[in-house]
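Tertiary structure, described
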Amino acid sequence: MQKNLIALAVAGLVSTGAFAQANVTVYGVADGSFDVVRVSNTAGNAAGDNDLGNTTRVSTNSSLIGFKGAEALGNGLTAVFQYESSVGFDNTGGIGATRDSFVGVAGGFGTVVLGNLTGPTRALGGAVDVNAGATGIGANAALLGKLGGYLVNTTDLAGSYPGAAPNTTTNCGRSSTCTSIFDTRWKNAIAYVSPSFAGLSVTAAYVANENKAFQGASAANTTGYDVGLKYANGPAMAAVTYNAVSLGQTFAGGSKQADVSDFRVGGSYDFGIASVRALFDHARADHAGIGGKITQNVFGLGGTFNVTPAGKLLAQVYLARDLKVDGSDAKDSGAKLFEVGYEHSLSKRTMLKAVYAHLNNDNKASYDFGINAVGINAASMGAPAAGLNTTGATIQGIQLGLRHSF
């Protein structure tokens, strides 16, 4: 399922029969693939363990199950809700509201929802990705917003950040989600989505500081906001977003509480037989420990081409430039992601896909796939002169899979 703005999710509710009555729609995606991935040149790993070689696996690629509905309340008001959960083929746990899940009210004024939400920044990244569902090893989330690995998500923004071992590494588990904090759903959030005016709409989300801890050197107090302006009219889409988060605690050896932000501009145009997509991402961290200010730019370009009525070629390339620490370049701290693929529709709901992705880290970078990470080991964060994340791994893989939506 594409990572759309909350506005589109709510619009989907009110466009169905659920608008007039309290019916519940059950929906989902089952997306499985057989992967062959290879990792080489992992200089940050222990001696003698620098090349993982070929590894095979079966991946579930952001598969999900969800329940949604709406009820007309009268006076132009509608109650809306959605519960959505990730589903893994090898999961042993129960279903929870791990994906976009909310309750809210819609009317002529727009829509207000509360819950676990995709903000406009994350939504824009997914909207310009060429992959169905913005998932898989070639997804652009591998590079967006990560600042060389400093802003890899914690999977629990209601708790500590970053991750279970702050200030030390940027490791992501094998076959895990390994996206930036800006490309993670916001827990404990409230959002407003405006009506569309000639294709223009505004989304604004606030993240509550529910994790606030008692005062201390690293007291948690995560809070933030995420705003976006989007234009969507016919084949054209363009958006600009800004996401600012106060972590309320130090990381990477910092002596002050850290603030991070991300600015994105992107868009797409569908020509019918083909489409083009482009994205610019600027991430920033203040008081991050290795400098007063760290910034990084990421550029991306992608496209699709319909070779048959049922078959589509896709390709995208993303470039993460070197980090800038207090205005100076941290050499060899960027990365490149390249992907080519083919999607073939067997029906409106079922699709075969084949993808090749190649992620090349510079010598002092440790980016991993954003979806279905390979689990490379990153060196401890240090001063730029000592190497930021001295891994320099090259990661590549092939995915052959089947995607079914219901």
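I will try to describe carefully the structure that is included in this document. (Residues numbered from 1 in each chain as written. Predicted model: local features only at pLDDT ≥ 70, side-chain atom pairs only at ≥ 80, totals over all residues. Heavy atoms only, no water.)

Here we come to helix H2 (residues 120-128). Most of H2 is tucked away, with 8 of its 9 residues classed as buried. Within H2, the full set of buried residues consists of Pro120, Thr121, Arg122, Ala123, Leu124, Gly125, Gly126 and Val128. On its buried face, H2 is in contact with strand S8 (200-207), strand S9 (223-233), strand S10 (236-246), strand S11 (259-270), strand S12 (274-286) and strand S14 (311-320). (Buried < 20%, exposed > 50% of the residue type's maximum accessible area, 1.4 Å probe, protein only. Helix = DSSP H or I, 4+ residues; strand = E, 2+ residues; numbered from the N terminus. Contact = heavy atoms within 4.5 Å.)

Note on placement: Asp226 falls in strand S9. C-alpha of Asp226 to C-alpha of Tyr206: the two residues are 20 residues apart in sequence and 6.5 Å apart in space. When sequence neighbours within four positions are dropped, the list of residues in contact with Asp226 reads Gly119, Pro120, Thr121, Trp186, Thr203, Ala204, Ala205, Tyr242 and Asn243. Within the local environment of Asp226, its side chain forms a polar contact with the side chain of Thr121, the two groups lying 2.7 Å apart. In terms of polar contacts, Asp226 uses its side chain to reach the side chain of Trp186, at 3.3 Å. (Polar contact = N/O pair within 3.5 Å; in protein donor to acceptor, adjacent residues only side chain to side chain.)

Counted under the stated rule, the structure contains 10 salt bridges. Where Arg185 meets Asp100, a salt bridge forms, and the shortest distance between an N and an O atom there is 2.4 Å. Remark: Asp100 occurs in the loop between strand S4 (77-86) and strand S5 (101-107) and Arg185 occurs in the loop between H2 and strand S7 (186-193); sequence separation between them is 85 residues. According to the relative accessible area criterion, Arg185 is buried, its value standing at 15%. With a relative accessible area of 11%, Asp100 lands in the buried category. As a salt-bridge pair, Asp262 and Arg264 come within 2.9 Å of each other at their nearest N and O atoms. As far as the burial class goes, Asp262 and Arg264 line up, both buried. Linked by salt bridges that have partners in common, Asp183, Asp262, Arg264 and Asp281 make up one network. (Salt bridge = Lys/Arg side-chain N within 4 Å of Asp/Glu carboxyl O.)

Now for the pairing of S14. Put simply, side chains in a regular strand alternate between the two faces of the sheet. Direction of pairing for strand S13 (residues 293-306) relative to S14: antiparallel, over a ladder of 9 bridges. When the sheet's bridge partners are listed, Val298 is paired in S14 with Ala320. The hairpin turn running from S13 into S14, its antiparallel successor, is 4 residues long. By the bridge criterion, 10 bridges tie S14 to strand S17 (residues 335-345) in an arrangement that is antiparallel. Looking at the pairing, Val317 lines up with Phe338 of S17. (Pairing = 2+ DSSP bridges.)

Looking now at the environment of Asp90. Examined against the element boundaries, Asp90 turns out to sit in the loop between S4 and S5. Sequence separation between Asp90 and Thr60 is 30 residues; the distance between their C-alpha atoms is 8.7 Å.

As a further point, take the side chain of Gln399. Within the secondary structure layout, Gln399 lies in strand S19 (residues 394-405). Discounting chain neighbours no more than four positions away, the residues touching Gln399 are Ser33, Phe34, Asp35, Ser59, Asn61, Gly136, Ile137, Lys353, Ala354, Val355 and Asn372.

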